[in-house]
Amino acid sequence: MALSFALSGYASNEFPDFEDYANYLQIEIKTESSVITIEHGFKTSDELFAHNTFDLLSSISLVDDFCTVSITVKVRVGVDSNFIEVSATVSDIPCADVAAVAKRTIAQLKAGIQ
């Protein structure tokens, strides 16, 4: 099994609107047969940091053997339109492990922002 992990991040003052939320979490799960995208906006960074996606991810039925999970966390900082965005992609993981891998990765991204 090949496992790759890429992490990137940047800061900017050009905050795009995401359904009127300043903070959001985006998860994309790619398999050979499908792409599932989950996007969730939060009014505050505290709401985002407290959010647990494990139950939702555990309920998704994936029929393929291997998946790629991409996660983006964006948080408004300070005033005006300053934000921090961090992203991670984990490739070639067993689809059965998506929820656990995503939970760990989201926790690491949140910790990096806090």
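Residues numbered from 1 in each chain as written. Predicted model: local features only at pLDDT ≥ 70, side-chain atom pairs only at ≥ 80, totals over all residues. Heavy atoms only, no water.

Peer 1: Got a minute to help me understand the state of the cysteines in this structure?
Peer 2: The term disulfide refers to a covalent linkage connecting the sulfur atoms of a pair of cysteines. Using the criterion set out here, one finds one disulfide in the structure. A sulfur-sulfur separation of 1.9 Å characterises the disulfide bridge that pairs cysteine 67 with cysteine 95. As the torsion about the S-S bond is roughly 105°, the cysteine 67-cysteine 95 disulfide counts as right-handed. Taken together, the residues span a long stretch of sequence, with cysteine 67 in strand β4 (residues 66-76) and cysteine 95 in the loop between β5 (83-94) and α3 (98-113) at a distance of 28 residues. Like cysteine 95, cysteine 67 is buried. (Disulfide = S-S within 2.5 Å. Helix = DSSP H or I, 4+ residues; strand = E, 2+ residues; numbered from the N terminus. Buried < 20%, exposed > 50% of the residue type's maximum accessible area, 1.4 Å probe, protein only.)

Peer 1: Hey, could you run me through the pairing of strand β2 (residues 23-30) in this one?
Peer 2: On any regular strand, side chains alternate: one points to one face of the sheet, the next to the other face. Note: β2 against strand β3 (residues 35-42), eight bridges, orientation antiparallel. The partner of tyrosine 24 across the bridge, within β3, is glycine 41. As consecutive antiparallel partners, β2 and β3 are separated by four residues. Across seven bridges, β2 lies against β4 in antiparallel orientation. In the strand pairing of β4, glutamate 28 is matched with serine 70. (Pairing = 2+ DSSP bridges.)

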